[in-house]
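What follows is each chain in one-letter form.
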Amino acid sequence: MEEIYAKFVSQKISKTRWRPVPPGSLQTVETFATGSWDNEENYVSLWSIGDFGNLDSDGGFEGDHQLLCDIRHHGDVMDLQFFDQERIVAASSTGCVTVFLHHPNNQTLSVSQQWTTAHYHTGPGSPSCSSAPCTGVVCSNPEIVTVGEDGRINLFRADHKEAIRTIDNADSSTLHAVTFLRTPEILTVNSIGQLKIWDFRQQGNEPSQILSLTGDRVPLHCVDRHPNQQHVVATGGQDGMLSIWDVRQGTMPVSLLKAHEAEMWEVHFHPSNPDHLFTCSEDGSLWHWDASTDVPEKSSLFHQGGRNSTFLSHSISNQANVHQSLISSWLITDPAKDRIEITSLLPNRTLSVNSLDVLGPCLVCGTDAEAIYVTRQLFS
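Residues numbered from 1 in each chain as written. Predicted model: local features only at pLDDT ≥ 70, side-chain atom pairs only at ≥ 80, totals over all residues. Heavy atoms only, no water.

(A) Focus on unusual backbone geometry. A cis amide bond links Asn141 with the next residue in sequence, Pro142, at an omega value of 10°. Position of Pro142 relative to the elements: it lies in the loop between β12 (134–140) and β13 (143–148). Even without being a glycine, Ser10 presents a positive backbone phi close to 60°. If you trace the backbone, Ser10 turns up in the loop between β1 (5–8) and β2 (13–18). (Helix = DSSP H or I, 4+ residues; strand = E, 2+ residues; numbered from the N terminus.)

See below:
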């Protein structure tokens, strides 16, 4: 893999996201957004990755990531998602959800819409209405779904001032992340190791399905759905384990993969090459998992600083009854094929890697070391 470029930005980065490229367009990936946390003032910022690798007249690299614009954000940025090419949705530790609009003509960001009390605590022990962090947001134009520490799920539309639907006591524990399975269905993960599927077509406030890690109730922090096979879901949690689930089958993960040494903060399937998956952790590591089956005699060596350790996933259900050609490489449980190659993408361990995103050949991640790392050559 080609060089990964670091830029120090004087703020702890909590979230990083690539701006989507319009479907069918020939544009390259060139702009990403970041959100910050745990700083005196927090910001949502837009960056251009420029043209790496070209030496300028002084022998330095041209096209270090350039700040295009930024805007103050009240509270920590807990999650960040592009709604479309121009709009970015930010979730705040204050319980507020804000839609920011990018104006490319003069490179500014403005507030286009805001739901100030999307998430809040009520009841005994809390003031009449104390804010609760909004922990996760997912967009599928025109809809925006938010989840929070208050166990509440909101369904917003970008052009509506009020929530279209709210499930008030969706969970008695903190909801940490949310993703769409398909348009009316979402999947949430919570602080007691459960996945819950919710169908907005149903009137009630109960999930249509609950899956869980057996035993320890380890908090789950992140979730991502396979881009082509909507029943395949990856989660990561407090113990650093990567869990792969098939939501059509049973209530337990298909495989548990030993991964990071501390909390896994984000997991992402590559959107166009989903045999590749990426994770980042509190332990300062950023990993690329390669489960593509066309690699001959794939060794399961884990390459990091010259240290190799054999890696084999532990599978806990038998998929033999499912037609093999329909199975994602993440669900194959034949031990001979169960090997996955892991590459550590950061040259040195750093403070917590809080967020990552992948699009095309590009990867971006943000850290508590106040650095943003970018590579444009993921698969070279």
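Moving on, there is more to tell.
(B) Just the sheet that holds β13, in detail. Taken in spatial order, the four strands line up as β12-β13-β14-β15 in an open sheet, and their pairing is antiparallel. Looking at strand neighbours, the two that pair on one side only are β12 and β15 (165–167), the edges of this open sheet. Neighbour-to-neighbour, the strand axes of the sheet open up by a mean angle of 15°, direction not taken into account. (Pairing = 2+ DSSP bridges. Axes fitted to C-alpha atoms, helices over the stretch in contact; angles between N-to-C directions.)

(C) Representation of the sheet that holds strand β30 (residues 353–359). The four strands lie next to each other as β1-β32-β31-β30, forming an open sheet whose pairing is antiparallel. What marks the edges here is a single partner per strand, and that holds for β1 and β30. On average, each strand axis in the sheet is inclined to that of its neighbour by 15°, with strand direction left out of account.

(D) Just the environment of Leu46, in detail. Its location among the elements puts Leu46 in strand β4 (residues 42–48). Judged by relative accessible area, Leu46 falls into the buried class, the value being 0%. It is 6.2 Å that separates the C-alpha atoms of Leu46 and Asp70, two residues lying 24 residues apart in sequence. When near neighbours in sequence (up to four residues on either side) are disregarded, Leu46 contacts Thr31, Phe32, Ala33, Gln66, Leu67, Leu68, Cys69, Phe82, Ile88, His102 and Leu109. (Buried < 20%, exposed > 50% of the residue type's maximum accessible area, 1.4 Å probe, protein only. Contact = heavy atoms within 4.5 Å.)

(E) Structural detail: the confidence of the model for the protein chain. Mean pLDDT for the protein chain: 86, with 84% of residues reaching 70 or above. Note that pLDDT drops below 50 for residues 55–62; the model gives that stretch 13 contacts with residues more than four away or on any other chain. In this model, residues 295–326 is a region of pLDDT below 50 whose contacts with residues beyond four sequence positions or in other chains number 62 contacts. (pLDDT = per-residue confidence, 0-100.)

(F) Here's a closer look at the side chain of Thr279. If you trace the backbone, Thr279 turns up in strand β25 (residues 276–281). Residue Thr279 is classed as buried on the basis of its relative accessible area of 0%. At 2.9 Å, the side chain of Thr279 and the side chain of Trp289 are in polar contact. The residues touching Thr279, leaving out its near neighbours within four places in the chain, are Leu242, His260, Met264, Glu266, Val267, Ser285, Leu286, Trp287, Trp289 and Leu356. (Polar contact = N/O pair within 3.5 Å; in protein donor to acceptor, adjacent residues only side chain to side chain.)

(G) Geometry of the packing of aromatic side chains. Taken as a whole, this structure holds five aromatic pairs when the rule is applied. Judged by centre distance (4.2 Å) and plane angle (20°), the rings of Trp115 and Phe156 are stacked. Pair noted here: Trp115 is in strand β9 (residues 108–115) and Phe156 is in strand β14 (residues 153–157), with a separation of 41 residues, a long-range link. Phe156 shares its class with Trp115; the two are buried. Put simply, the rings of Trp18, Phe32 and Trp47 pair up and form one aromatic cluster. A cation over an aromatic ring shows up here: Arg152 above the ring of Tyr120, its NZ or CZ 4.0 Å from the ring centre. (Phe/Tyr/Trp six-rings, centres within 6.5 Å; stacked < 30°, edge-to-face > 60°. Lys NZ or Arg CZ within 6 Å of the ring centre and 35° of its normal.)

(H) Broad picture of the pattern of salt bridges. Per the counting criterion, the structure on display carries 14 salt bridges. The closest approach of N and O atoms between Glu41 and Arg72, which form a salt bridge, is 3.3 Å. Of this pair, Glu41 sits in the loop between β3 (31–36) and β4 while Arg72 sits in strand β5 (residues 66–73), and the two are 31 residues apart along the sequence. Ionic pairing is found between Glu143 and Arg157, a salt bridge with its closest N-O pair at 3.0 Å. Placement of the pair is Glu143 in strand β13 and Arg157 in strand β14, with a sequence separation of 14 residues. For Arg157, a relative accessible area of 27% corresponds to the partly exposed category. (Salt bridge = Lys/Arg side-chain N within 4 Å of Asp/Glu carboxyl O.)

(I) Looking closely at the pairing of β25. Burial of β25 is extensive: six of the six residues sit out of reach of the surface. Both faces of β25 are covered, namely the face carrying His276, Phe278 and Cys280 and the face carrying Leu277, Thr279 and Ser281. Examined bridge by bridge, β25 and strand β26 (residues 286–290) share five bridges and lie antiparallel to one another. Bridge pairing in β26 places Cys280 opposite Leu286.

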